[in-house]
Amino acid sequence: MMKYILSIIIFISVISLTQAQVKEPVPASEILHQMQKLENTTRVLYLAAHPDDENTRFIAYVENGKKYDAAYLSLTRGDGGQNVIGPELREGLGLIRTQELLAAREIDGGKQFFTRANDFGFSKNPDETFNKWGKEEVLSDVVWVIRNFQPDIIVTRFNKTPGITHGHHTASAILAHEAFKLAGDETAYPDQLKLVDTWQPKKIYWNTSSWFFRRNEDFDKSQYVTENVGGYSPLLGISYTEMAALSRSRHKSQAFGTAGSRGAEIEYFEYWDGPESQIETFEGLEDSWNNFENGKEIHSAIDKLISDFEITQPEASINQLFVVKKLIEKLEESAVKEDKLQAINELILNCAGFYHLFYHDNSYASPGDNINVNLELVNRSSADIQVVDANIKSIEEHLSISGALQNNQVKLQEFSISIPNDFPYSNPYWLKDPSANGLYKVDNQELIGQAENEPAITAEVNLKINGNDFSFETPLKFKSSDRINGEMIQPLYIIPPLSIEFGEDVSIFTAPRQEKEITISVKALKDNLSGSLELKLPDGWKSENTNKSYVFSDLARNATVDFKIIITSGDVEGKFDLKAIAKVDGKSIDQKVQEIQYGHIPNQVILREAQQKLVFADVKIKGRKIGYIEGAGDAVDEALQAMGFEVEYINIEDITVESLKTYDAIIAGIRAYNVNKELQVHYGKMNEYMNSGGVYMVQYNTTYSLPDTDFWPYPLSLSRDRITVEESNMEFIEKEHPALNYPNKITSKDFEGWVQERGLYFPNKWDENYLAILAGNDPGEEKTKGALLIANYGKGKFVYTGLSFFRELPAGVPGAYRLLANLLASSPNP
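Residues numbered from 1 in each chain as written. Predicted model: local features only at pLDDT ≥ 70, side-chain atom pairs only at ≥ 80, totals over all residues. Heavy atoms only, no water.

Q: Can you help me understand the overall build of the chain in this one?
A: Check the secondary structure of the chain and you find 18 helices and 43 strands. Its C-alpha atoms give the chain a radius of gyration of 29 Å, near enough to 28 Å, the size a compact globule of 830 residues would have. With respect to the three principal axes, the spread of C-alpha positions in the chain is 90 × 70 × 60 Å. Put simply, the chain has 830 residues, and 57% of those count as buried. Across the chain, the fraction of contacts at a sequence separation of at least 24, relative to all contacts at a separation of at least 6, is 75%. (Helix = DSSP H or I, 4+ residues; strand = E, 2+ residues; numbered from the N terminus. Rg over C-alpha atoms; globule rule 2.2 N^0.38 Å. Buried < 20%, exposed > 50% of the residue type's maximum accessible area, 1.4 Å probe, protein only. Contact = heavy atoms within 4.5 Å.)

This is the structure we're talking about:
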C-alpha cells in the first residue's frame, strides 16, 4: 500500500510543475510505464478548433491507458477569446493559451499541433469562418499535420452540422473529414510531398455527448460506439480522469479548472469513415510491431526489456534499450520510428538518473553578446558514461568538455560563447508578420503545425554509454533562485538590446493642431547601452523638434530613461500611428519587448513594433473623476485616462457610499461580477450610489460562474446573444436619447472601423425600466436589442452593455471613445 501512496505523491509532484521549475528525473514506475508504451504503434489524432476544446479524458486514456501515441491538433491558438487572469488579448492571449495547451500535454503525455488559422472571434457558422481563414489554406495545414503525425485514427470533438455551436467548431469537423480523405491522395497539395509522404488514416470518429443535443432524452446512447476512459494506472498512481482534470485545469486563462473524478467514464463516438466491418473504436488496428519489416524481432526485444526490468536498478535495462534502439534505427523513416527513438533516448537517460542543465544567469541575451554559460551533467547510476564532447551548432561553438561521469559526481563546466550579430530574435514564428487577419503568415512549410519555436540556443552533448554512442540535446535556459520559489528554470530568449515603450497605447486628440505631451521610455536590456531615439510622425503631425534625436548613454541593464515629447496633431480626423526608432551601434531597433509572466506557464516574450496609436476625433467628455472596479482584466481604464479622465481604482469592500459619491461615474471591468468576490457581496452599495445621482456602467458578464443573485437595479437576464460581424449595421432605436447625443452626437460613422465584433453576451430579457438604445444583427439573423441597456435609478443612471469597448478602445476606434464618453456622462439638464 505504501508504494502506491508514494507513487501518487511522486506523480502529482512532477505533473504539477511548470517548465519554470526543475523537473526531476522520473521514478522507476514511470520508467516502466514508458517502456510498456514502446510495445504499441497505434496513433490517434484528436482535432478541434481552440485550446480547451480537446477531451482531456480521452487523450489521457489513449496515452496512458491504451499506451498509444496521441496528439491534439487545435486549429487556432485561441487568440480571439477572453482572458480571466490578466489584460492580454489577441496575440498575447494566443501565446498564453498555446503554453497552457503545452502544459496540459505535459500532464497527459500527448503531442500538440496547430494550424496557421487565427482565432478572429466568435463565428456563428462555418461559411463565415472559412471566408475569414481561407478554407484551402487551413485544410492544407490539417493535411500537413496528418501526413507528419501519421495517425491511424482521427477523432473530432465537434460534428459537421451548422448552427449547433461556434462556427470554428463546425469548421474543424468539416476540415477533419475532408483532410481524412485527402491526406492519402498524392494529387492533393503535391508540394508537401517534397518533404513528407502521403498518409491514409484508417478511421475517423466524432466524439459526441449529450451536450450536442437539445434535451438529454434525445441523446440515444445505443447508436454510438463507446469507450470507458475511467481506468486507473497503478504505475502512475492516478486515474485517467484525475489526470484529465489536472490537464484541463492548465487552461487558467479561461477559468477551466475542474475537479478530478474517479470510476467509470463512458465516451461516445459516431463512426464517420473507414472499413464498414470495423466500427468499434480500436477494432481492426494492428497495435504491435507486426506490420514493420523486423517487427517480430523488435517485439521480442521490447518484451525482454520489460520482463527483465528491475525497479530498484533501472540502469540494468540500458543495454537492452540500445538493442531495441538499433533494431528500430534499421526501419524506413516514419512517425512511429521517429517518436519511438525519441522515447528510447529519454528512457536511456532516465534509467541512468541522468541530470543535465545548460544555463545562463540571465533570461535574455542579444545578437553580438558574449555570455558565460554553464553545462552541468550528473550520472546517478552505475552505468559507464563518458563525455566525448559538446557543440552548439546554431552558433558553431565547440564546448571543450570530456571525461568519465562517475556515479553521483557533478560535472559542471563554464564556457564563454559569442552570439553572432545576425542571430535571429526569439519572436514566436507565427507572429513575425503582424499582418495576420484570418491566417497567420508562415513562409517556412516545416514550421507549420509546430506548437512553438525551437529553443534559441541548444547544445548537443555526445556521450559513450556502456560503450554505445549516444547524443542528446539540452536547450540553454535561464537559471535563478529566490527564497520564495527556490530554484527556477525559465526559457532564455534572444531579444534586442533595448525595448521602446510608449507611456500609453493610445493618445486622444480632440482638436486640430492640439499639443499634447507623450512619454516614450527606452529600457536597456544590457549594460553600457548608448544611442539615440527618433520619431516617425504621421503626415501632417509635428513634434516640438521634428529633426531632433533624443540621446541616451551608458544605461545599465534594466535601467530606463523617459523622454517627454510634445507633439501636435494634424488637421484630418482619424486613426494614425506614431513610431519610434532607436539607433545603437549603427543598428536600427524599432521594437517593444513584451514580457508575459504567469506561474502556471513558462515566461514568454513577444516583439512588437514600437508604436502608439494617435486618435484625432471630436471627443467631448463630461465629468472628470471616474471610479474603476476591476474585473477579469482589460485596458478600458487606460483608455479613460487617455481621454482625460482621472481614474481611481475602487475596493468595493472597503469604500463607503459617501466616498462613492465623489465620483462622477463608476465603471466595472469586464466580467467583474464573475470574478470580483467583493463586488458579489457588496453590490448593494452601487444601488445607493446611483440612487443619489451617480452613473454606473457595467461591461459584459457571463452566466458561467455567475452567482444566482439579483445584482442589477432592475431585473435582466444574461444570454449568449452577440453580434460577431464587426461591420454589422447598428440601428438607433432611441435616437433622441442622451446616450446618442450628449456630449457627442453619435452617427453611423462612429461604428466604422470596429474590430472582431460588435459585442457579446447581451441580455435577452429585461425589465420595462430599461431602454434598449441599439439594435443589430449578424447576416441572416433577427435583430437583437440587448447590446446597450440604460435605466434611470433614483437620481442616477445604470448602463449595462455588452459592446466590446475592451477591444475597440485599445484598437483606437474613434467612435468607441465618443460613445463611451456619452455613457459615462450624467444626463444633461432639461
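Moving on from the model shown.
Q: I keep staring at the environment of L774 and nothing clicks. Help me out?
A: Tracing the chain through its elements places L774 in strand β41 (residues 774-776). For L774, a relative accessible area of 0% puts it in the buried group. Considering only alpha carbons, one finds L774 and L788, 14 residues apart in sequence, at a separation of 6.1 Å. Setting aside chain neighbours within four positions, we find L774 in contact with M730, E731, F732, I733, L740, F751, T784, K785, L788 and L803.

Q: Hey, could you run me through the nonpolar core in this one?
A: Looking at soluble globular proteins, one finds that nonpolar side chains tend to be buried together. Counting residues in hydrophobic clusters, the biggest one holds 76 residues, and the most contacted among them are F58, V62, L73, W133, V142, L175 and F282. Ranked by residue count, the leading element in this core is helix α6 (residues 135-149), at eight residues. If near-sequence neighbours (up to four positions away) are discounted, F58 is found in contact with V44, Y46, V155, V229, F269 and F282. Within the second largest apolar cluster, 57 residues are counted, among which are L305, I401, I457 and L476. (Core = buried A, V, L, I, M, F, W, Y, C linked by side-chain atoms within 4.5 Å.)

Q: Help me understand helix α8 (residues 240-248) in this model?
A: Helical geometry note: an α-helix holds 3.6 residues per turn, so side chains three or four residues apart project in the same direction. Counting buried positions along α8 yields seven of nine residues, so the element is predominantly enclosed. Y240, T241, E242, M243, A244, A245 and S247 are the residues of α8 that are buried.

Q: I would appreciate a short explanation of the packing of helix α3 (residues 56-65) against α8 in the present structure.
A: Any two packed helices are characterised by the angle at which their axes cross and by the distance between the axes. Interaxial distance between α3 and α8 falls to 8 Å at its minimum, and their mutual angle equals 125°. Overall, the two elements α3 and α8 adopt an arrangement that is oblique. Handedness of the crossing formed by α3 with α8: right-handed. Residue-level contacts link T56, R57, A60, Y61, N64 and G65 of α3 to Y240, T241, M243, A244, S247 and R248 of α8. For the contact of α3 with α8, the residue count by class is five nonpolar, five polar and two charged. (Axes fitted to C-alpha atoms, helices over the stretch in contact; angles between N-to-C directions. Parallel < 35°, antiparallel > 145°, perpendicular 65-115°, else oblique. Left-handed = near helix turned anticlockwise from the far one by under 90°. Nonpolar A, V, L, I, M, F, W, Y, C, P; charged D, E, K, R; others polar.)

Q: Is there a simple way to think about the environment of N40 in this case?
A: By the secondary structure assignment, N40 is in the loop between α2 (28-37) and β1 (43-48). Residue N40 is classed as buried on the basis of its relative accessible area of 13%. Along the sequence, N40 and Y355 sit 315 residues apart, while their C-alpha atoms lie 28 Å from each other. Each residue touching N40, except ones within four places of it in the same chain, is listed here: K66, K67, Y68, D287 and K340. At a separation of 3.2 Å, a polar atom in the side chain of N40 contacts the main-chain carbonyl oxygen of K67. (Polar contact = N/O pair within 3.5 Å; in protein donor to acceptor, adjacent residues only side chain to side chain.)

Q: Can you walk me through the pattern of salt bridges in this structure?
A: Side chains bearing opposite charge may pair, as long as their charged atoms lie close to each other. Tallied over the full model, the rule gives 34 salt bridges. One salt bridge in this structure joins D52 and R97, with 2.6 Å as the shortest N-O distance. Placement of the pair is D52 in the loop between β1 and α3 and R97 in helix α4 (residues 90-108), with a sequence separation of 45 residues. For D52, a relative accessible area of 10% translates into the label buried. Looking at R97, the relative accessible area reads 5%, which means it is buried. (Salt bridge = Lys/Arg side-chain N within 4 Å of Asp/Glu carboxyl O.)

Q: So what exactly am I meant to see when it comes to the packing of helix α12 (residues 636-643) against helix α18 (residues 814-823) here?
A: At their nearest, the axes of α12 and α18 sit 11 Å apart, and the two run at 85° to each other. Here α18 runs roughly perpendicular to α12, going by the angle between their axes. On α18, the residues touching V636, A639, L640 and M643 of α12 are Y817, L820 and A821. Tallied by class, the residues present in the contact of α12 with α18 amount to seven nonpolar, no polar and no charged.

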